[in-house]
Amino acid sequence: MAPPHESASRDGTGLFIGVDVGGTKVLAAEVAPDDSLPRIARRSTPGRRVEVGLVETALDEAVREVADGRPVAGVGLAAAGFVDAAGERVMFAPHLPWRGEDVRARLAARWETVVALDNDANCAALAECVAGAAQGASEALVVTMGTGIGGAVVLGGRVHRGTNGMAGEFGHAQVVPDGAPCECGGRGCWEQYSSGNALVRFARDRLGHEPTVLEEMCGGVPERLLGPMVTEAAEHGDLLARQAFASVGDWLGVGLANLVAAFDPEVVVVGGGVSAAGDRLLEPARSALARSLVGAAHRRVPPVLRARFGPEAGVVGAAYLARGAAGG
Ligand SMILES: [Zn+2]
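Think of each chain on its own: its residues are numbered from 1, step by step along the sequence as written. At least 70 in pLDDT is required for a residue's local features to be given in this predicted model, at least 80 for side-chain atom pairs to be given and counted, and no such filter applies to totals for whole chains, interfaces and linings, which use all residues. To obtain the side-chain values, all non-hydrogen atoms of the structure were used and water was disregarded.

Visitor: Can you help me understand the sheet that holds strand 1 (residues 15-21) in this one?
Guide: The strands making up a sheet associate through hydrogen bonds between their backbones, and the pairing can be parallel or antiparallel. Whether two strands pair comes down to DSSP finding at least two bridges between them. Only DSSP runs of H or I reaching four residues or more are called helices, and only runs of E reaching two or more are called strands; each is numbered from the N terminus. One open sheet holds the five strands; their spatial order is 3-2-1-4-7, and the pairing between them is mixed. Where the open sheet ends on each side, the last strands, each with one partner, are strand 3 (39-44) and strand 7 (114-119). The average undirected angle you get between the axes of adjacent strands in this sheet is 15°. Bridge count for strand 2 (residues 25-30) against strand 3 is six bridges, and the pairing is antiparallel. By the bridge assignment for strand 3, K25 is matched with S44. Any two residues whose heavy atoms approach within 4.5 Å are treated as being in contact. Interaxial angle, 0 to 180 degrees, is taken between N-to-C directions of lines fitted to C-alpha atoms, where a helix line uses only the stretch in contact. On the sheet, helix 2 (residues 52-67) packs against strand 1, strand 2, strand 3 and strand 4 (72-79) and is oriented at approximately 160° with respect to strand 3. Against the sheet, helix 4 (residues 120-131) touches strand 1, strand 4 and strand 7, its axis set at about 100° to strand 7.

Visitor: Just to check I follow, could you spell out helix 7 (residues 227-235) for this structure?
Guide: For an α-helix, the turn length of 3.6 residues means that residues three or four places apart are oriented alike. Think of it in three bands: residues with accessible area under 20% of the maximum for their type are buried, residues over 50% are exposed, and the middle band is partly exposed, with areas taken using a 1.4 Å probe on protein chains only. For helix 7, the full list of buried residues reads G227, M229, V230, T231, A233 and A234. Just beyond helix 7, the residue with positive phi is G237, at close to 90°.

Visitor: How should the packing of helix 7 against helix 8 (residues 239-263) be read in this particular structure?
Guide: Relative orientation and spacing of two packed helices are given, respectively, by the angle between their axes and the distance between those axes. For the pair helix 7 and helix 8, the least separation of the axes is 7 Å and the interaxial angle reads 115°. The angle between helix 7 and helix 8 places the two elements in the roughly perpendicular class. Like other packed secondary-structure pairs, helix 7 and helix 8 cross with a definite hand, here left-handed. For the pair helix 7 and helix 8, contact is made by V230, T231, A233, A234 and E235 and by A241, R242, A244 and F245, respectively. Taken together, the residues of the contact of helix 7 with helix 8 break down into six nonpolar, one polar and two charged. Put simply, angles under 35 degrees are roughly parallel, angles over 145 are roughly antiparallel, angles from 65 to 115 are roughly perpendicular, and the rest are oblique. By definition, turning the near helix anticlockwise from the far helix through less than a right angle yields a left-handed crossing, and turning it clockwise yields a right-handed one. Note that Gly is not counted as nonpolar here; it falls among the polar residues with everything else outside the nonpolar set of Ala, Val, Leu, Ile, Met, Phe, Trp, Tyr, Cys and Pro and the charged set of Asp, Glu, Lys and Arg.

Visitor: Help me understand the coordination of the zinc ion, please; the structure alone is not making it clear to me.
Guide: For a metal with four tetrahedral donors the ideal donor-metal-donor angle is 109.5 degrees, while six octahedral donors give ideal angles of 90 or 180 degrees. For the zinc ion, the full set of protein donor atoms is H172 (ND1), C182 (SG), C184 (SG) and C189 (SG), and the range of their distances to it is 2.0 to 2.3 Å. Water is not part of the atom set, so a site may look incomplete; the donors themselves are N, O and S atoms within 2.8 Å of the metal, or 3.2 Å for Na, K and Ca. Note on geometry labels: four donors, all angles 85 to 135 degrees, give tetrahedral; four donors become square planar and six octahedral when opposite donors are over 155 degrees apart and every other angle is between 65 and 115; remaining cases are irregular. Taken together, the four donor atoms surrounding the zinc ion define angles of 104 to 118° at the centre, an arrangement classified as tetrahedral. Going along the chain, you hit the donors of the zinc ion in the pattern H-x9-C-x1-C-x4-C. Highlighted residues: H172 in the loop between strand 10 (158-159) and helix 5 (196-206) and C182 in the loop between strand 10 and helix 5, separated in sequence by 10 residues.

Visitor: How should helix 10 (residues 313-325) be read in this particular structure?
Guide: Multiplying one less than the number of residues by 1.5 Å gives the expected span of a helix. With 13 residues, helix 10 should reach 18 Å at 1.5 Å per residue; the first-to-last C-alpha distance of 18 Å fits that figure. Within helix 10, 10 of the 13 residues are buried, which leaves the element mostly enclosed by the surrounding structure. Summarising the contacts, the buried residues of helix 10 are in contact with strand 1, strand 2, strand 4, strand 7 and helix 4.

Visitor: Which parts of the structure should I look at to understand the sheet that holds strand 8 (residues 140-145)?
Guide: In spatial order, the strands read 10-9-8-11-12; together these five strands make up an open sheet with mixed pairing. Of all the strands in the sheet, the pair left with one neighbour each is strand 10 and strand 12 (304-306). Here strand 11 (residues 267-271) runs beside strand 12; their pairing, made up of three bridges, is parallel. Residue V268 lies in a different strand from strand 12, and its bridge partner there is V304. Contacts between helix 4 and the sheet are confined to strand 8, strand 9 (149-155), strand 10 and strand 11, with strand 9 contributing the most and set at about 45° to the helix.

Visitor: So what exactly am I meant to see when it comes to unusual backbone geometry here?
Guide: The phi angle of most residues is negative, glycine excepted, and most peptide bonds adopt the trans form. In this structure, D35 is a non-glycine residue whose phi angle is positive, near 70°. Looking at the element boundaries, D35 is found in the loop between strand 2 and strand 3. Judged by relative accessible area, D35 falls into the buried class, the value being 15%. Residue D68 is not a glycine yet carries a positive backbone phi of 50°. Relative to the helices and strands, D68 resides in the loop between helix 2 and strand 4.

Geometry only, nothing functional implied.
Rendered as structure tokens:
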């Protein structure tokens, strides 16, 4: 990318780009001052067992495609992983190869522009607090459902970062002792039952046992079955796909009940790729939350809302972060 114009962030000519780096895909977008996304680019994430350079090349390609030769005032990265408190390093990412990598400085040098970095759920929480479903809330919980599940806690209107910058990583709370093995090395983590991966696994495990259009969609090969196929099949009334959402949504609500018991938020916001399914995911979650929350009959159960920015909440929040870092 050509170095951005010297005063790009001040004269309003430079773009702010948000990038969501997830376990299966990179989503980069120009985030306009009115929060619209005029230009979007996608790449698949090569996975966690590859060279770090391959992931960063995918990022680089997506950002250049969005920039399309125009000056860039800042790039914000929303990473599906544990980011240090300074916003410099990705310490650990169960679905990506970064382990203590100095991602921010390295990409700032590569792109010759301002780069800001945070955890994807923290970015989503920032976007939803500033202009989304949690706007005006002092206490909120934001959960992102993608390949895995990420979380952020908003206390006093601000994203709570914790001592090491790692607060809100609820996805790896154990909900089933000796349950399904997780990419983090643990077993029975919440995201094994409520996430994009969980949705796909539910459907794959039942292929060949129940009549479903998913059989045809994946050509009869379970490994080819992907989350968006389950979403599409559910929209067309496929029973197995709907059961998959009912299961993942129920587990979402069960986990949320523990978090609501701990934080007593005004609102719970759900973003990430799986949130594109809307009420198909959220209705079973609301039921499970009301059923599982301690003292539910004697308290206000918080609303569970879809993120205003939906699966793009992380991208929008990452661009806000970059705008703040650039002084814009
Ligand atoms: Zn785990």
